[in-house]
Amino acid sequence: MTTKYVFLTGGVVSSVGKGVTAAAIGRLLKERGFSVSVQKLDPYINVDPGTMSPYQHGEVYVLADGAETDLDLGHYERFIDISLNRVCNVTTGQVYAEVIAKERRGDYLGGTIQVIPHITNEIKRRISLVSKTTDAEIVLVEIGGTVGDIESLPFLEALRQMRTDVGRQNSIYIHVTWLPHIGATNELKTKPTQHSVRELRSIGISPDMIIARSDHPVDDSLREKIALFCDVELSAVVPMITTPILYEVPLLLDKAGVGEYLLERLGLTARSQPDWTDWERLVREVRRNKPTVRVALVGKYIELQDAYMSIREALLHSALSLGIEVIIDWVHSAELEKGRGWDVISAADGIIVPGGFGERGIEGKIQAARYARENKIPYLGLCLGMQLMVVELTRHVLGDEEANSTEFDRGTPHPVIDLMPDQRDIADMGGTMRLGLYPCVLQPRTIAKRAYQVQEIEERHRHRFEFNNAYRELLQSAGMRFSGISPDGRLIEIAELADHPFMLGTQFHPEFLSRPNRPHPLFMAFLEAAREQAGVSQPIEVETSTVNSP
Ligand code: GLN
């Protein structure tokens, strides 16, 4: 089948859930029997978000092949249950780097290099790589930002040209906008949508469908108005009301007829009928009153919860499967250092110390790990959270106050966490960590083995530092078990405490592999322990859950 393209642009304002919309549309198409992939085009000049502060960008989502990508790729993978690769996130930085490298090599034979056609051709080449590197029959392409941004112009121009390249019957443009609500008159306004469509038209793109996001119900007269002014068929004006339940979005879009419309416009017939049973169950479970379990997430970017998007989702997946409501209490680790926020920690049924970089707030995280160990509160350490669990044990059980990771104290006499040998000569910061999927062998009679119930696993990584093998025996003598080790026996991937209900840290990021209908075994095990701690022994009538290892 010729590859079909669905292009998504945004209008009016950003942050209206374009990524979730793209992910949900992908699901609609997959449910109809098509293989789907999604690509995000990010107009910023950074080569990837790997070197950006989470405050700027939110979470860095790591793919199986080690690409450090935009958090929207997490939505795509979770909603559609697919595995994406590095061609699925393109930035202006990557495009220019490639074109300039070619120019230096002399590939352009003396020509003048210009935005059109050289930059736009490189963008189109990268779009075409998705169908070449995956089995996708339908490729969704989402452009970050909103129409009108200067830096998105070359991307929009490339998309405009794509219609001629691939043909009208093989491409569709969806514009996602926002309808502001005027409180004084209690009405929704379509004017910004009209302006945004006009702007898009001036670039040469006429949207085939408008998805109008809104916090309030959109009546038919408003839809008619948008159809009329924006020259879009009425059936292709889709209101999309804000829902607090992310996983309801595919259901809402399906009900609005988006799936049928897209297939018809692309000249396709559904190969299967959508089966929404699992999704409807998820949404019902979210709405149901459930016993609560409190988890304290001790991080340093807590003002921007998007920085921990996949952890939040992974907790939700497991909680829904266990029939509990997880309340996440966000605790700033630097506050703990000042003696504040401990009431939240002491009210917690479980503590998570997530990944992170740099010195700020480290001591607070170590104190939280100590609290979890001493009070036998379930603890899950993710990457940095695992490393600090090792530091904490060395300091407070083995009495070595100076133990540290060399990331925070280069001169520590006891570097229990140290730079990986192959990281020592690396000068560039971008894309040089140990990244992506690596295998790990689980050791018998451990919490990890019981949780996964398999011999070997593969998980996604993103780190420069690792457990220092010189301290293996010492840590074992303090009650630490190394329950997950790389197949060559060299790298500690999972550490846990023997004499504790659940204190476990992973050098990898399990949160990236949790899916709505396939909660991650470690998040399940952690929440089961937290549920026990909360005194909620049994879930009330949970509907079927499908728990497998990822
Ligand atoms: N900063 C630590 C390292 O580089 C942990 C990284 C992380 O938590 N992702 O090893």
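To be clear, the structure that these remarks concern was listed above.
Each value, and the rule that gives it
- Residues numbered from 1 in each chain as written.
- Predicted model: local features only at pLDDT ≥ 70, side-chain atom pairs only at ≥ 80, totals over all residues.
- Heavy atoms only, no water.
- Helix = DSSP H or I, 4+ residues; strand = E, 2+ residues; numbered from the N terminus.
- Rg over C-alpha atoms; globule rule 2.2 N^0.38 Å.
- Buried < 20%, exposed > 50% of the residue type's maximum accessible area, 1.4 Å probe, protein only.
- Contact = heavy atoms within 4.5 Å.
- Areas by Shrake-Rupley, 256 points an atom, 1.4 Å probe, with all protein chains shown as cover.
- 1 Å grid on protein atoms, 1.4 Å probe; cavity = no way out; pocket = protein on both sides within 12 Å on 5 of 7 lines; lining within 4 Å.
- Points joined across faces, edges and corners; volume = space filled by probe spheres on them.
- Nonpolar A, V, L, I, M, F, W, Y, C, P; charged D, E, K, R; others polar.
- Phe/Tyr/Trp six-rings, centres within 6.5 Å; stacked < 30°, edge-to-face > 60°.
- Patch = residues over 30% accessible without salt bridge, like charges linked within 9 Å, V, L, I, M, F, W, Y side chains within 5 Å.
- Salt bridge = Lys/Arg side-chain N within 4 Å of Asp/Glu carboxyl O.
- Pairing = 2+ DSSP bridges.
- Axes fitted to C-alpha atoms, helices over the stretch in contact; angles between N-to-C directions.
- Right-handed = clockwise from strand over helix to strand, strands pointing away.

1. Focus on the overall build of the chain
Each helix and strand counted, the chain has 19 helices and 23 strands in total. The C-alpha radius of gyration computed for the chain amounts to 25 Å, which stays within 12% of the reference 24 Å derived for 550 residues, consistent with globular compactness. Looking at the 550 residues of the chain, the share that counts as buried comes to 59%. In the chain, 75% of the contacts between residues at least 6 apart in sequence involve partners at least 24 apart. About 22000 Å² of surface is accessible on the chain, with carbon and sulfur atoms providing 49% of the total.

2. A few points about the environment of Gln-367
Within the fold, Gln-367 resides in helix H15 (residues 362–374). Among the residues examined, Gln-367 registers a relative accessible area of 33% and is labelled partly exposed.

3. Structural notes on the side chain of His-332
Structurally, the position occupied by His-332 is in strand E13 (residues 325–332). Relative accessible area serves as the criterion here: at 11%, His-332 is assigned to the buried category. The contacts of His-332, once residues within four sequence positions are left out, are Tyr-55, Gly-299, Lys-300, Ile-302, Glu-303 and Arg-360.

4. Points about empty space enclosed by the protein
The tally for this structure, following the rule as stated, stands at two cavities of 30 Å³ or more. Here the second largest cavity defines a volume of roughly 40 Å³. Taken together, Thr-9, Gly-10, Ile-143, Gly-144, Gly-145, Thr-146, Val-147, Ser-152 and Leu-156 form the lining of the second largest cavity. In terms of residue class, the lining of the second largest cavity is made up of three nonpolar, six polar and no charged.

5. Let's talk about the packing of aromatic side chains
Throughout the structure, instances matching the rule amount to twelve aromatic pairs. Judged by centre distance (4.9 Å) and plane angle (75°), the rings of Tyr-61 and Phe-512 are edge-to-face. Highlighted residues: Tyr-61 in strand E3 (residues 61–62) and Phe-512 in the loop between strand E23 (503–506) and helix H19 (521–534), separated in sequence by 451 residues. For the pair shown, Tyr-61 and Phe-512 are each scored as buried. Three or more aromatic residues joined by ring pairs form one cluster here, namely Phe-79, Tyr-247, Trp-276 and Trp-279.

6. A few points about a nonpolar patch on the surface
Taken together, the side chains of Tyr-96, Ile-100, Val-115 and Ile-116 define a hydrophobic patch exposed on the protein surface, amounting to about 330 Å² of accessible area. Elements represented by at least two residues in the nonpolar patch include exactly helix H4 (92–105) and helix H5 (115–133). Mapped onto the elements, Val-115 comes out in helix H5. On the basis of relative accessible area, Val-115 is assigned to the partly exposed category, the value being 35%.

7. Let's talk about the sheet that holds strand E6 (residues 138–143)
The parallel open sheet is built from seven strands, whose spatial order is E5-E2-E6-E1-E7-E10-E11. Single-partner strands in this sheet number two, and they are strand E5 (89–91) and strand E11 (237–241). Going from strand to strand, the sheet's axes swing by 20° on average, the running direction of each strand aside. The pairing of strand E1 (residues 4–10) with strand E7 (residues 171–178) spans six bridges and is parallel. Looking across to E7, one finds that Tyr-5 is bridged to Ser-171. With respect to the sheet, helix H1 (residues 18–31) is in contact with E1, strand E2 (36–42), E6, E7 and strand E10 (209–214), its orientation differing from that of E6 by roughly 175°.

8. Here's the deal with the pairing of E11
Across five bridges, E10 lies against E11 in parallel orientation. Residue pairing for E11: Ile-210 is matched across the bridge by Val-237. Running through helix H8 (residues 220–230), the crossover from E10 to the neighbouring parallel element E11 is right-handed.

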